[in-house]
Amino acid sequence: MSFLRDALDCETHGLTVIEADEGWDGLEHDHEDDGQEEVYLLIEGEATIQIDGDQVDLASGDAVRVDPETTRELRFTADDSLMVVTGAP
């Protein structure tokens, strides 16, 4: 997982690149306190994201936007997956 906010000198925008294998799990979280919405773009591989308890399956090229107050939890279901996550208030 590479956090690029500081490297790009971003003040409010976050950018993260995740390279993961099957079984990589993210933490369930929301951004209600900081008002950050996020977009998850799967470049390669397969993943699922739980959004307020509903599972969304992602294939290469799929993207999903998540509101700040919505809980989300990411899981990769294929080796050599690559995802870009971007977020801002």
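Above this text sits the structure in question.
Residues numbered from 1 in each chain as written. Predicted model: local features only at pLDDT ≥ 70, side-chain atom pairs only at ≥ 80, totals over all residues. Heavy atoms only, no water.

It is possible for side chains of opposite charge to pair when their charged atoms get near one another. Per the stated rule, a full pass over the model turns up four salt bridges. For R65, the salt bridge identified is with E37, shortest N-O distance 2.6 Å. Here the residue R65 occupies a position in strand β6 (residues 63-66), and E37 occupies one in strand β3 (residues 37-44), the gap between them amounting to 28 residues. Owing to a relative accessible area of 48%, R65 belongs among the partly exposed residues under this scheme. With a closest N to O distance of 2.5 Å, R72 and E38 form a salt bridge. In this pair, R72 sits in strand β7 (residues 72-76) while E38 sits in strand β3, placing the two residues 34 residues apart along the sequence. One network of salt bridges, with partners in common, ties together E37, R65 and D67. (Salt bridge = Lys/Arg side-chain N within 4 Å of Asp/Glu carboxyl O. Helix = DSSP H or I, 4+ residues; strand = E, 2+ residues; numbered from the N terminus. Buried < 20%, exposed > 50% of the residue type's maximum accessible area, 1.4 Å probe, protein only.)

Of all residues except glycine, most have a negative phi; of all peptide bonds, most are trans. Look at D52: it is not a glycine, yet its phi comes out positive at around 50°. As for its placement among the helices and strands, D52 is situated in the loop between β4 (46-51) and β5 (54-59). Unlike most non-glycine residues, D80 shows phi in positive territory, near 60°. Relative to the assigned elements, D80 resides in the loop between β7 and β8 (81-88).

Moving on, we come to the pairing of β8. When strand β2 (residues 14-20) meets β8, the two strands line up antiparallel, connected through seven bridges. Bridge pairing in β8 places I18 opposite M83. With seven bridges connecting them, β3 and β8 associate as antiparallel partners. Its bridge partner lying in β8, E37 is registered against A88. (Pairing = 2+ DSSP bridges.)

Turning our attention to the sheet that holds strand β1 (residues 2-3). Picture the strands of a sheet paired through backbone hydrogen bonds; they go either parallel or antiparallel. Pairing is antiparallel across the open sheet formed by five strands, whose spatial order is β1-β2-β8-β3-β6. In this open sheet, the two strands that pair with only one neighbour each are β1 and β6.

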